[in-house]
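# Architecture at a glance
This is what each chain is made of:
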Amino acid sequence: MSPSPSPQERVHSEEFLHTLMRRQLKLSVICATTFLVVLLGLPLANYWAPALMATRIAGFTLSWLILGVLFFPAVWAISWYFIRRSIWLENDEVAQVQAVQPEVKQ
Amino acid sequence: MSTPALPLALFAGVDPWIFACSFVTVIITIWMGFRSARTSKTASDFFVAGRSVSVGWNASAISGEYLSAASFMGVAGMVMSSGYDALWYPVCYACGYLFLLLFIAGPLRRFGAYTIPDFAEGRYDSPVFRKIAVCFVLFIGFFYTMPQMKGAGTTLAYIFPGLPYWVGVVLVGAVITLNVALGGMKGITLVQAVQYWIKLFAICVPIFVLMSVYGFYGRHVEVNDGRSIASSVVVNATSAAGGRDAAVTILRKPLGEKAPSDLAWVSPFGPLTTKAAKTAGLTAEQARPYSLLYTYSLIIALVCGTAGLPHILVRFYTNPDGVAAKKTTMWVMILIGVFYVFPPIFGVLGRDLLPELYAATGAKGTDKIVLELPRVLNEHGGVWGSVLSGITCAGAFAAFMSTFSGLLVSMTGALAHDVYGRMLRPKSSAAERMFAFKVSAVVIGAIAIGLGAQVEQLQINFMVGQAFAIAAASYFPLLFMSVWWRGMTMQGAATGMLGGGLAALACTTIINLSDLKIVDLAAFWKVNPLLRILCEQPAIWTVPLAIGLMIGVSKLTAATIPSDIRMKMLVLHAPEKLGLKQEYIQEHSAGAGH
């Protein structure tokens, strides 16, 4: 139990794995929740507010417009955010390990 | 193809433009397949070559492999026949990718297992589990080849109006099988990438021309407002949005007897989801909860199923590093998202312009709307309608040829490499294995043709949905839980995957047998609409069942958790820059050494 563990020990510690998985899972869960709220909310909106969802916009019903057209850009936005954040997370994890001892193996 | 062998009578009624376009696509595909097969001989060649491929090419290749006959023909056919509810298919086909990206793609790539059976063995150190996983490659594969065969049969029956459906299936199936057996058309990045752009071109160019002549997408949805139409009429659609009162004229033909009514078609919970409840004699109001259940089950099957499709996962490894893999996924989502906007437009325009198709069934029904619709332009004179129809036929060929050959390669690989090479004859020589590969290709091709010839009456899209339901209940829980829960044991994973997967397989088989009238269950479904829905769309209970079994059995067998689980988890989750994978391989070969 040395006060400052070597990067080797640090990478293999229970604590490192735990933080690693928790941070990545948290990001995934946030993105998935946003997505699921829209995906699973739309049938509910159709079920409870059929009149509202049948409003015509540029010829489409509101529900058709959301599902057939607007859904795709929304998913692109979520995946763009996820990719940016997860690349940042990975770089941060590498930086943390290397901060302890810069000449960690490649 | 072997067209010269056909009797000349078949050429009566063949449109030369359509024939020429399809013929050229087939020849180019086969030629490209053979050309690239000559330059890359082994599987490792394929992967190494993949690593030097840029993000753009790789993303096109993944999209090209993913967009099958279901996406190209089935979605449009189903939107035409069922309306709004069918829109869930393209949306979930595209969005399932997000789940793959969020939970599975990164870790699996770091682990470096090339296929799901590889992952199953590596994660649990169990060759037995590998065999179970291989069986599901075959199950899902066969369910996925059936709709591709239906697409082939439908397209050929359209190009040659005199040709029976099954002849088309046999012809296309035989050509592709032969091609795979002779070593052409392996999953070559270039071929698949070009196929994507052929498909996108073939779906969007005809639709732009059609919309410029017959009116915009939204206007065609708008005229479906319940007005009765006596004969071929022009309906005035007034644009209420934006305060402009510009009157647009939209041509619309009267619907046949079998077409769903306007309101049922354009609103949620239409014919697709209420069929079971309607058969049972429930009123529209009583049927609504059943529809909601059906919709949710469908969403779960498609989203989770995409994340568990075996032949798509393989492609993630052709990226040089994790960052490139993520960027590729982003581009794949954009490419397939752009594509999926178009097929529903064919369905909508088809309902207004070509409602005759509602009356027909099988290969002559709504599944061929993408092929047939551009020909309405011929009413304006000229051959442009035929040329555009030829282009969509070419796209359809690209769709089922790329997907079927990709599936055939992965299934043949499973049979020749895993079943023959590892289980039956572990000591066989390289030449024997090569021979086994060819025999397997022919056997699997023959089974796929046999199955495909039976399913003329089933909708393409519906069948693909079933393949997704099986993948959702078997591979998705396996991958998701193995990646994120370290308490999983081999027994838990196997029980869950078998339990969920076999339950879904049994349900879909029962539904197919009953829909094809091989087993008569009509009376039973009439009394039990809920059971019919749970059987037709089983994902809502099979996915939780699989996950529940995995957790339960893993808790009971907690003593058998692999001893180096922490290291495995690190390899799955730690950034690649830390170099843990190499360390893991060294330790592993030094330690267990199997």
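Residues numbered from 1 in each chain as written. Chains lettered and ligands numbered in written order. Predicted model: local features only at pLDDT ≥ 70, side-chain atom pairs only at ≥ 80, totals over all residues.

### Digging into the overall build of chain B
Short version of the rule: Secondary structure elements are taken from DSSP: a helix is a run of H or I of four residues or more, a strand is a run of E of two residues or more, and numbering for both begins at the N terminus. Think of it as a crowd count around each C-beta: if 20 or more other C-beta atoms lie within 10 Å the residue is buried, if 12 or fewer it is exposed, and in between it is partly exposed, with C-beta placed from the backbone throughout.
From N to C terminus, chain B includes 25 helices and 2 strands. Taking all 594 residues of chain B together, the buried fraction comes to 56%.

### Topic: the overall build of chain A
The following threshold applies: Whether two residues are in contact is decided by their C-beta atoms, placed from the backbone, lying within 7 Å.
In terms of regular secondary structure, chain A is built from 4 helices and 2 strands. When the helices and strands of chain A are read in sequence order from the N terminus, they spell out α-α-α-β-β-α. Among the 106 residues that make up chain A, the fraction classed as buried is 30%. Within chain A, contacts between residues separated by at least 24 positions form 62% of all contacts whose residues are at least 6 apart in sequence.

### Considerations on the interface of chain A and chain B
Test applied: For this classification, Asp, Glu, Lys and Arg are treated as charged, while Ala, Val, Leu, Ile, Met, Phe, Trp, Tyr, Cys and Pro are nonpolar and the rest, including Gly, are polar.
In this complex, chain A contributes 44 residues to the contact, which on the side of chain B involves 44 residues. Contributions of two or more residues to the side of chain A that touches chain B are made by helix 2 (14-48), strand 1 (56-57), strand 2 (60-61) and helix 4 (62-100) of chain A. The dominant element in the side of chain A that touches chain B, judged by the number of residues it contributes, is helix 4 of chain A, at 20 residues. For the side of chain A that touches chain B, the per-class residue count stands at 30 nonpolar, 10 polar and 4 charged.

### Let's talk about the confidence of the model for chain B
All names here are of chain B. Inclusion rule: The predictor reports its confidence for every residue as pLDDT, a score running from 0 up to 100.
Confidence in the prediction of chain B, expressed as mean pLDDT, is 80, and 85% of residues score 70 or more. Ranking the helices and strands of chain B by mean pLDDT puts helix 23 (residues 539-556) first, with 94, and helix 2 (residues 43-51) last, with 44. Scored below 50 in pLDDT, residues 1-6 makes 4 contacts in the model with residues more than four places away or belonging to other chains. The ipTM assigned to the predicted complex is 0.85, against a pTM of 0.86.

### Some points on the environment of Gly337(B)
Secondary-structure assignment places Gly337(B) in helix 15 (residues 322-353). Note: C-alpha distance between Gly337(B) and Pro90(B) (247 residues apart in sequence) is 8.4 Å.

### Focus on helix 3 (residues 55-66) of chain B
Residues and elements named next belong to chain B. Put simply, the rule reads: In this analysis, the expected span of each helix is defined as 1.5 Å times one less than the number of residues it contains.
Given a rise of 1.5 Å per residue, 12 residues ought to cover 16 Å, and the 16 Å separating the end C-alpha atoms of helix 3 matches this to within 8%. Counted residue by residue, helix 3 has 9 buried out of 12 residues, so it is predominantly covered. Taken together, the buried positions of helix 3 are occupied by Asn 58, Ala 59, Ser 60, Ala 61, Ile 62, Ser 63, Gly 64, Glu 65 and Tyr 66.

### What to know about the packing of helix 5 (residues 88-111) of chain B against helix 13 (residues 284-307) of chain B
Residues and elements named next belong to chain B. Quick reminder of the rule: To get an axis, fit a line to the C-alpha atoms, keeping to the stretch in contact for a helix; angles then go from 0 to 180 degrees between the N-to-C directions. Just so you know how the angles are binned, under 35 degrees is roughly parallel, over 145 roughly antiparallel, 65 to 115 roughly perpendicular, and the rest oblique. Each crossing gets its hand from how the near helix is turned against the far one by less than a right angle, where anticlockwise is left-handed and clockwise is right-handed.
At a minimum axis separation of 7 Å, helix 5 and helix 13 run at an interaxial angle of 50°. Judged by the inter-axis angle, helix 5 sits oblique to helix 13. For the element pair helix 5 and helix 13, the recorded crossing hand is right-handed. When helix 5 is examined against helix 13, the residues Trp 88, Tyr 89, Cys 92, Tyr 93, Cys 95, Gly 96, Tyr 97, Phe 99, Leu 100 and Ile 104 are found in contact with a partner set consisting of Thr 295, Leu 298, Ile 299, Leu 302, Val 303, Cys 304, Gly 305, Thr 306 and Ala 307. The residue makeup of the contact of helix 5 with helix 13, split by class, is 15 nonpolar, 4 polar and no charged.

### Notes on the packing of helix 12 (residues 271-279) of chain B against helix 22 (residues 529-536) of chain B
All names here are of chain B. Between helix 12 and helix 22, the shortest axis-to-axis distance is 8 Å and the interhelical angle comes to 150°. Between helix 12 and helix 22, the interaxial angle falls into the category roughly antiparallel. Once helix 12 is placed against helix 22, the crossing between them reads as right-handed. Across from Ala 276, Ala 277 and Thr 279 in helix 12, the residues of helix 22 making contact are Pro 529, Arg 532, Ile 533 and Glu 536.

### Remarks on the confidence of the model for chain A
Per-residue pLDDT for chain A has a mean of 81; in total, 84% of the residues score no lower than 70. By mean pLDDT, the top-scoring element of chain A is helix 2 of chain A (88), and the lowest-scoring one is helix 1 (residues 7-12) of chain A (69).

### Let's talk about unusual backbone geometry
One non-glycine residue, Asp125(B), lies in the positive phi region at around 50°. Inspection of the secondary structure puts Asp125(B) in the loop between helix 6 (116-124) and helix 7 (127-159).

### Focus on the environment of Thr55(A)
All names here are of chain A. Looking at the secondary structure, you find Thr 55 in the loop between helix 3 (50-53) and strand 1. In this structure Thr 55 comes out as exposed when scored by C-beta crowding, with 12 C-beta atoms within 10 Å. Not counting residues up to four positions away in its chain, the partners in contact with Thr 55 are Thr 61 and Leu 62.

### A look at the environment of Gln466(B)
Residues and elements named next belong to chain B. Looking at where Gln 466 falls in the secondary structure, it is placed in helix 19 (residues 460-484). Overall, Gln 466 belongs to the buried group, with 27 C-beta atoms counted inside 10 Å. Taking the C-alpha atoms as reference points, Gln 466 and Thr 509, 43 residues apart in sequence, are found 9.2 Å from one another. Setting aside anything within four residues of it in sequence, one finds Gln 466 in contact with Phe 143 and Thr 508.

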